[in-house]
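# Summary of the model geometry
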Amino acid sequence: MRPRNSRTAIIAGVVLALATTAAAASDGQLRVCADPNNLPFSNSAEAGFENKLAAMVAAHFGEQVSYTWWAQRRGFIRNTLKADKCDVVMGVPAGYDLAETTRPYYRSTYVFVTRQDRQLDLSSLLDPRLHSLRIGVHLIGDDGNNPPPAQALGEQGIVDNLRGYSIYGDYREANPPARLIEAVENGEIDVAAAWGPLGGYFAQRSPAPLTVTPIRDTERFAPQQFQFAIAMGVRKGDHALRDRLNAFIDEHRSEINALLRSYGVPLVELPVTASGGQQ
Amino acid sequence: MLVRGLTRLLTGIPAVLCACCCLMSPASAQSDLADRMKDPGQWPMAARDYANTRYSELDQINASNASRLQLAWTFSVGVDRGQEAAPLVVDGTMYVVSPYAGPYPNRVFALDATTGELKWSYAPKPEPAAAGVACCDVVNRGLAFDNGKVFLNTLDDHTVALDARTGKELWHTKLGEINKGETITMAPVVVKGKVLVGNSGGELGVRGWVTALDENTGAIAWRAYATGPDKDVLIGDDFKPFYDNLKGQDLGVKTWPADRWQVGGGTMWGWISYDAELNLIYYGTANPSPWNANQRSGDNLWSTTIFARDPDTGRAKWAYQINPHDLFDHDEINENVLVDLEINGQTRKVLIHPGRNGYMYVMDRATGEVISADAYEFVNSYKGVDLKTGKIIPNEEKTPLVGKTVENICPAAPGAKDWQPTAWSPRTKLLYVPHQHLCMNFKASQVGYIAGTPYVGADVDMYAGPGGHRGEFMAWDPVARKKVWEIHEKLPVWSGALVTAGDVAFYGTMDRMFKAVDAKDGHVLWQFRAGSGFIGQPISYRGSDGQQYIAILSGVGGWPGVVANAEVDQRVRNAALGFTGATQDLPFYTAGGSELLVFKLGANGEDSSHAPAK
């Protein structure tokens, strides 16, 4: 089970003091923690959109980006932001409990990814064909938590035709979460239910043409959400950096959108669900 | 060569030759480990003996002089992370291992057990790729020893044999792949020349196993998986489970939807016990994973299962599943303590398993029959154990499901007791149980994020159980099936226990106290405030000076783990600071540490400053 991670005022105070010291000590640097092997978000060659975004931020601040690389899995925030290895993580959900989050800079959705030549035209989570198609989903597994599609399909009794792909995968391979999209390409599964940025990016680069469709008809699975607003994360209490980043986001919305679109990230403007869309 | 030839010869001798031996007797002549267990001066394995009693026959320290305990020497293992390891003491040398962190992860130190002088140290070379990939558990629960060799499990999935005299590496074998989320944290156990090792990482979709390695070569003798077809689980015609629901072919496949068993968890990161006479090893497996519960309908065998296996072949003789279709993350890797009890006028060979689910199981260790299963903690997530079917009775009202808010589930996810091992005294016939006392609210609201994948998970708010304390050290009578005494602790008691022939029991608290208590009534005899909180395993041995020593590692570490987050302090919760729900108050009591502490009795009348306040 994932314990809730609140903090005490004393700790927040200590962290704030540390953050101030760190900022002074790392003058001229935007210290970023990122996964070295997780396109389209980031990699050690700085080819992900979060890398590009970090470079934009640093240029705007007149700073240099310096990276601490850490696999983005359980313990990531603890070993990076909280360990004072860096000051910002470029992508976390808005309102993420483990960090202080900026204003969201994009909002995306879970998507169905299919081969174009199959002409499945899937978009509804209530499509009866989901009972027989071979569906791939990511598995997280920490504390029994899994991505929304795995939860929602289970609620409908769609179990035996579901195939799981570990979000962690084999870290020796490039971009382990991409195995899910490759499985659509090579016909191992008929459809992948994936987080939009991942599905959009790898579909764009697939040798076989793929169709990416936002997942709809998700309301009855609330409080599961299928759309999430994504923000940058700084250490709790680091309001100074958060405010600078907020100002950057406000001033660069169109550049950020262009960047995301160039990576194939499906963007959604407004919350679609009535119950889960209060963000 | 001669020794290895002899090994083969001896293991071929039928077990019947050994039927007259007592529990602690050597299984075969090639191992000196069982003999060392008979020498009270030594502490040759993490659990002290194959029965996992953690009982020392030394009685120099007793209820009337324990208040004179004082520090003899200390040693730093160099890494301020969770110190769960048990030191070993063999022939006057102590062997300790550090967590997997810092410049020398999982470093091994050999010290003079009487003076603390460092004899040698060994640092394994971890795979560079492991950095950052091993996220969660950096603890190591201890080393093993047999025939002049020290055996080490590294977090990055290697078992290493060292020359106990020099620290020179003799062999190492890679058993798993850390890049796939597989790690090893348990202390190996050597039985009949085989080093037994289990894996961790079930939450990440690892398929659980226990593997036996030849202690001389590191070659893999057998591997028994916890899920999948019978041939992988090492189930054959000689498998005789007591209960009918566990009989049938390939249940490790059939009790899962489709191919879910392939990543089904059931890892083994706890304890292994061994009965030489029955020639059986015993261990429990962890929770099923990584699918959410609605994607793994069925009992999910053989997760949360106690196995009895033949150590020579690994073949299962019986099994018993504790939590079919586990919903609470209730691993059952907790120890199985092997004792003989007088029950209803009969001597029964039993194992005692203090369940994570809050029930104290007393089982016939020859057959796998549950003799009794009584709640030793406040439990409302289950309604008891049906002794006829052997099945636990779920409480549907307390079923945690994503999307559903359920309040006041007891015990909380870490269970009534986690890995922290108990101790058994053959003198008092009581089991000394360090454990937690936590309940939880389960709410679907927390946004999680991993590798670029957002999701809404459960917000788990853990808090003290009835009475307001979060931990307890208690003595349990398994025949009378009741608690005899208890000591409440502010924080969960996450250290192991030790009990001695001086009728003194030892344990440590997360708020830095190491305590000696009267084993008969729980009266606190002595306590010592250390540098950091305790989650380690106390041991006892005799030094070359003839003195009885007590040793334990201090170092609470692993902060954001379940334990550190499982705390709620009322004064924080109610403070007008804008923080609600479960709050980490552990930092009020301790920071991390890395200190090995060794105690002995001071001179008569000297130094009573450590006596507890009256």
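If you're wondering where the values come from, they're calculated on a predicted model, not measured in any experiment.

## Let's talk about the overall build of chain A
- Helices and strands together make up the secondary structure of chain A, namely 8 helices and 12 strands.
- Across the 279 residues in chain A, those meeting the buried criterion constitute 52%.

## Some thoughts on helix 7 (residues 239-251) of chain A
Residues and elements named next belong to chain A.
- For helix 7, built from 13 residues, the straight-helix expectation of 18 Å at 1.5 Å per residue is met to within 8% by its first-to-last C-alpha distance of 18 Å.
- Buried within helix 7 are the following residues: Leu 241, Arg 242 and Leu 245. Looking straight down helix 7, one finds its buried side chains confined to an arc of 100°; they lie on one side. For helix 7, the exposed residues set more than 90 degrees away from the buried face come down to Asp 243, Asp 250 and Glu 251.

## Some remarks on the confidence of the model for chain B
- Residues with a pLDDT of 70 or more make up 87% of chain B, whose mean pLDDT is 88.
- Interface confidence in the predicted complex, given as ipTM, is 0.85; pTM for the same model is 0.90.

## Considerations on the environment of A:Thr114
Residues and elements named next belong to chain A.
- On the secondary structure map, Thr 114 appears in strand 7 (residues 106-115).
- We classify Thr 114 as buried; it has 22 C-beta atoms within 10 Å.
- Residues Thr 114 and Ser 254, 140 residues apart in the sequence, show an inter-C-alpha distance of 29 Å.
- Here Thr 114 is in contact with Leu 120, Leu 122, Val 184, Asp 190, Val 191, Leu 210 and Thr 211, once residues within four sequence places are set aside.

## A look at the domain arrangement of chain A
Residues and elements named next belong to chain A.
- Under the domain assignment used here, chain A contains domain 1 (9-106 + 229-262) and domain 2 (107-221).
- Distance between the C-alpha centres of domain 1 and domain 2: 28 Å.
- Contacts between domain 1 and domain 2 engage 11 residues on the former and 11 residues on the latter.
- Grouping the constituent residues of the side of domain 1 that touches domain 2 by class yields 7 nonpolar, 2 polar and 2 charged.

## Notes on unusual backbone geometry
- Residue A:Pro40 follows A:Leu39 across a cis peptide bond; omega there is 10°.
- With respect to the helices and strands, A:Pro40 occurs in the loop between strand 2 (37-38) and strand 3 (42-43).
- The linkage connecting B:Cys410 with the following residue, B:Pro411, adopts the cis geometry, with an omega of -5°.
- The topology assignment puts B:Pro411 in the loop between strand 25 (406-409) and strand 26 (423-425).
- Backbone geometry at B:Arg54 places phi at a positive 55°, although glycine is not the residue there.
- With respect to the element layout, B:Arg54 can be found in the loop between helix 2 (33-38) and strand 1 (55-56).
- Judged by local crowding, B:Arg54 falls into the buried class, with 30 C-beta atoms found within 10 Å.
- Of note, the phi angle at B:Asp157 is positive, near 75°, even though the residue is not glycine.
- Looking at where B:Asp157 falls in the secondary structure, it is placed in the loop between strand 8 (149-153) and strand 9 (158-163).

Analysis parameters
- Residues numbered from 1 in each chain as written.
- Chains lettered and ligands numbered in written order.
- Predicted model: local features only at pLDDT ≥ 70, side-chain atom pairs only at ≥ 80, totals over all residues.
- Helix = DSSP H or I, 4+ residues; strand = E, 2+ residues; numbered from the N terminus.
- Buried ≥ 20, exposed ≤ 12 C-beta atoms within 10 Å, placed from the backbone.
- Expected span 1.5 Å × (residues − 1).
- Arc of directions from axis to C-beta.
- pLDDT = per-residue confidence, 0-100.
- Contact = placed C-beta atoms within 7 Å.
- Domains from an automatic or database assignment.
- Nonpolar A, V, L, I, M, F, W, Y, C, P; charged D, E, K, R; others polar.

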